[in-house]
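Residues per chain, in single letters:
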Amino acid sequence: MRSALFRADFEAAADGFVGRSQNEILTVSDEAALSGVHALKVEGRTSSWHGPSLDITQKISVGKEYTVSVWVKLIEPEQAQISLSTQIGSGSGASYNNLQSKQVSQNSDWVELRGTYRYLSTDFVSVYVESAVATASFYIDSVSIVEEDSQPAVVEDITPLKNAYTDFFPIGSIASAKDLSGLRLELLTKHFNIVTAENAMKPGELQPRKGEFTFNAADAIVNTMLEHGIAMHGHTLAWHQQTGAWMHTDADGLPLPREEALENLTSHAKTVAEHFKGRVVSWDVLNEAINDGLTAELAADWRASLRNSPWLQAIGDDYIEAVFLAAQEADPDAKLYYNDYNLNNQNKATAVYNMVKELNEKYPGLIDGIGMQGHYDLNTNPADVERSIQQFISLGVEVSITELDISAGTDGRLSDNASLQQALLYARLFSIFRQYKENIGRVSIWGLDDGSSWRADRSPTLFDRSFKAKPAFYAATDPDAFIAEYQQ
Ligand code: 9MR
């Protein structure tokens, strides 16, 4: 039976909700209400992660699934995306799982955000509401948490996915602190032989303040994986997101002087690459530096195709070679990757091709590989993916599929038909990857199971919320047989 675990109506108090930072002002307000006459008003936010949070560590049981529901009403600005998420663990090993996000407007009535999550550890667990718009203010009301009566998660006795790929390439997954023990670790070690830290090795996690390196959470992931015979891929030395603003921007929000930003960038890359030297086989040196929505004409000029990131603003386009050179100096044995999404888009792929070609002509062997993230959906055309793989291979670099997931369904529901379409697309893609095995470094899935995926609402991985292998798993294991059996 489902059983109610928690309810908050904010009629008399904040009911246990506190701000995630010191900035938010949370007040019980009678200006609006979904039920009763009060709601919790959230204002004073200055960062996207700010918002009301409820610590439920003591309320939940390990292994159980919980459905969280909260109603929100936007105050300002006119439009904003609001998200309900759950945090598992604390510090830089923490995972932040989105349960549901919606675009809301001032004119919208109250909107429900809802999602289900299975907790397999209870070090620290909270649920919270945030908004991509840093300064957005909103009300929340009628929060409920219900314990589901679902099947317990079990690791099935099936052939490990990695065994189907011993003659092809390593098969990867991702990890955070929550994956270092129990059933999650069991599922991970059974099927995968290379791991990327989902968040723990990003710049903002490893050097939150200048000169203050925090390696504990990342070391715990790396060492646990190595102890289990799993290789590690490093992600990422440089990015425009999840990076302390101090690295490239001054207190007034202006780009730092070039030399200072350059020093921050390269000293971070060197210190981090040296720290993990011998423990990671490859690095995403630079993540997501190229723009989306390029025309063919623009793509022909990679410099004109660069994202206007804070790094570009502070340093100029040679920040790219600088960070690769720093990584090469610090760990000459690691394979150095440029990593990006939407590389099945021909124009974006061409801009990356041109950039890597020029840099490798200038510094032979500098960039070893191109990472195609692979956040796909049912509209993705495998022929586009194959074309980009061929284009990159023609540069003499290896290609890895670094963050593969295929979104299907909504609100965490996947119909049988959508599940089959998803599996067929996995099969077509894996069939292509197998053909290019000589040039493919690894294929990694971005999410161990649907429930813990960054796109949990779109069920994009190989395992469902109870760790049962989905049709997608069998499609990945034996793509040609799967296509032969299920292709209409
Ligand atoms: O899965 C990651 C999620 O937990 C983080 O909140 C998010 C922050 O930007 O990053 C996600 O991982 C991203 C990866 O680092 C780079 N490519 C896109 C991934 C999905 O957003």
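Coordinates for the structure precede this section.
Let us look at the structure shown here. On a predicted model such as this, the values are computed, not experimentally measured, just so you know. (Residues numbered from 1 in each chain as written. Predicted model: local features only at pLDDT ≥ 70, side-chain atom pairs only at ≥ 80, totals over all residues. Heavy atoms only, no water.)

**Here's the deal with the overall build of the protein chain**
Convention followed: Here a helix means four or more residues in a row that DSSP labels H or I, a strand means two or more in a row labelled E, and each is numbered from the N terminus. For the radius of gyration, the atoms used are the C-alpha atoms, and the globule rule reads 2.2 Å times the number of residues raised to 0.38. For every residue, the accessible area (1.4 Å probe, protein chains only) is compared with the maximum for its type, and the residue is labelled buried under 20%, exposed over 50%, or partly exposed between those bounds. Every accessible area reported is derived by Shrake-Rupley at a probe size of 1.4 Å, with residue values counting cover from the shown protein chains alone. All tallies of charge rest on Lys and Arg as positive and Asp and Glu as negative; His and the ends of each chain are not included. To locate a charge, take atom NZ for lysine, CZ for arginine, CG for aspartate or CD for glutamate.
Secondary structure summary: the protein chain contains 12 helices and 20 strands in total. Scaling as 2.2 N^0.38, a compact globule of 488 residues should have a C-alpha radius of gyration of about 23 Å, and the protein chain matches this with 23 Å. Oriented by its inertia axes, the alpha-carbon framework of the protein chain measures out at about 65 × 60 × 45 Å. Put simply, the protein chain has 488 residues, and 57% of those count as buried. When the accessible surface of the protein chain is split by element, carbon and sulfur atoms take 46% of a total near 19100 Å². Looking at charge distribution, the protein chain has the averaged site of its 39 positive side-chain charges lying 3 Å from that of its 66 negative ones.

**Comments concerning the site of the ligand**
Worth spelling out the cut-off: Only a single heavy atom is needed: when it lies within 4 Å of a molecule or strand, its residue is near that molecule or strand. Any pair of nitrogen or oxygen atoms within 3.5 Å is treated as a polar contact; in protein, a donor-acceptor pairing is required on top of that, and neighbouring residues in sequence qualify only through side-chain atoms on both sides. Just so you know the grouping, Ala, Val, Leu, Ile, Met, Phe, Trp, Tyr, Cys and Pro go in nonpolar, Asp, Glu, Lys and Arg go in charged, and all remaining residues, Gly too, go in polar.
With respect to spatial proximity, 14 residues lie near the ligand, and among them Glu-198, Lys-202, His-235, Gln-242 and Glu-403 are the closest. One of the side-chain nitrogen or oxygen atoms of Trp-446 is found 2.9 Å away from an oxygen atom of the ligand. A class-by-class count of the residues in the shell around the ligand yields three nonpolar, seven polar and four charged.

**Let's talk about the packing of aromatic side chains**
Geometry of an aromatic ring pair is reported as the spacing of the ring centres plus the angle between the planes. Short version of the rule: By convention, a stacked pair of Phe, Tyr or Trp rings (six-membered ring in the case of Trp) has centres within 6.5 Å and planes under 30 degrees apart, an edge-to-face pair has planes over 60 apart, and any other such pair is tilted. Two limits define a charge over a ring: the Lys NZ or Arg CZ must be within 6 Å of the ring centre, and within 35 degrees of the ring normal.
One pass over the structure, following the stated rule, counts 16 aromatic pairs. Taking 6.5 Å as the distance between ring centres and 25 degrees as the angle between the ring planes, the aromatic pair formed by Tyr-426 and Phe-430 counts as stacked. With Tyr-426 and Phe-430 both in helix H10 (residues 416–435) and four residues apart, this pair spans about one turn of that helix. As far as burial versus exposure is concerned, Tyr-426 and Phe-430 are alike and both buried. Aromatic pair Phe-473 and Tyr-474: ring centres 5.1 Å apart, planes at 85 degrees, arrangement edge-to-face. Relative accessible area serves as the criterion here: at 1%, Phe-473 is assigned to the buried category. Overall, Tyr-474 belongs to the partly exposed group, its relative accessible area being 38%. An aromatic cluster is defined as three or more aromatic residues linked by ring pairs; in this entry it consists of Tyr-165, Phe-168, Phe-169, Tyr-426, Phe-430 and Phe-433. Sitting over the ring of Tyr-341, Lys-348 keeps its end group 3.6 Å from the ring centre.

**Description of the side chain of Lys-470**
Tracing the backbone through its elements, the reader meets Lys-470 in the loop between strand E20 (440–445) and helix H11 (471–477). Classification of Lys-470 as buried rests on a relative accessible area of 5%.

**As for helix H3 (residues 216–227)**
Worth spelling out the cut-off: Residue count minus one, scaled by 1.5 Å, sets the expected span of a helix.
For H3, which comprises 12 residues, the first-to-last C-alpha distance of 16 Å matches the rise-based estimate of 16 Å (1.5 Å per residue) to within 8%. Considered for burial, the residues of H3 that qualify are Ala-217, Ala-218, Asp-219, Ile-221, Val-222, Thr-224 and Met-225. Backbone geometry just after H3 places Gly-229 at a positive phi near 75 degrees.

**A look at H10**
Helix length check: H10 (20 residues) gives 29 Å between terminal C-alpha atoms against 28 Å at 1.5 Å per residue, within 8%. Taking burial as the measure, the 20 residues of H10 include 15 buried ones, the bulk of the element.

**As for the pairing of strand E4 (residues 39–43)**
Short version of the rule: When DSSP locates at least two bridges between a pair of strands, those strands are taken to pair.
Of all five residues making up E4, four are buried, and the element is well covered by its neighbours. Pairing of strand E3 (residues 25–29) with E4, which is carried by five bridges, proceeds in the antiparallel orientation. Bridging from a neighbouring strand, Ile-25 pairs with Glu-43 of E4. The sheet contact formed by E4 and strand E11 (residues 137–147) spans three bridges and is antiparallel. Note on E11: the bridge partner recorded for Val-42 is Phe-138.

**Focus: unusual backbone geometry**
Note the cis peptide between Glu-76 and Pro-77, where omega equals -10 degrees. Turning to its location among the elements, Pro-77 is positioned in the loop between strand E6 (65–76) and strand E7 (79–88). Cis geometry is adopted by the peptide bond preceding Thr-236, which originates at His-235 and carries an omega value of 5 degrees. With respect to the helices, strands and loops of the structure, Thr-236 is situated in strand E14 (residues 231–238).

**Considerations on the nonpolar core**
Within soluble globular proteins, side chains that are nonpolar generally end up buried alongside one another. The condition is simple: Nonpolar cores are built from buried Ala, Val, Leu, Ile, Met, Phe, Trp, Tyr and Cys residues. Side-chain atoms within 4.5 Å join them into one set.
Among the nonpolar cores identified, the biggest contains 109 residues, and Trp-283, Ile-389 and Phe-433 are the most heavily contacted of them. Here the element with the most residues in this core is H10; it accounts for 10 residues. Counting 32 residues, the second-largest nonpolar core is a separate cluster that includes Phe-6, Ile-60, Tyr-66 and Tyr-119.

**Here's the deal with the packing of helix H8 (residues 346–362) against helix H9 (residues 382–393)**
As a reminder, the rule being used: A fitted line through C-alpha atoms serves as each axis, taken over the contacting stretch for helices, and the angle formed by two N-to-C directions is quoted from 0 to 180°. Every angle not falling under 35 degrees, over 145, or within 65 to 115 is termed oblique; those three ranges are roughly parallel, roughly antiparallel and roughly perpendicular. Contacts are assigned to residue pairs that have any heavy atoms within 4.5 Å of one another.
Where H8 meets H9, the closest approach of the two axes is 10 Å, and the angle between their N-to-C directions is 10 degrees. With respect to each other, H8 and H9 are oriented roughly parallel. Residue-level contacts link Gln-346, Ala-349, Thr-350, Val-352 and Tyr-353 of H8 to Asp-384, Arg-387, Ser-388, Gln-391 and Phe-392 of H9. For the contact of H8 with H9, a count of residues per class yields four nonpolar, four polar and two charged.

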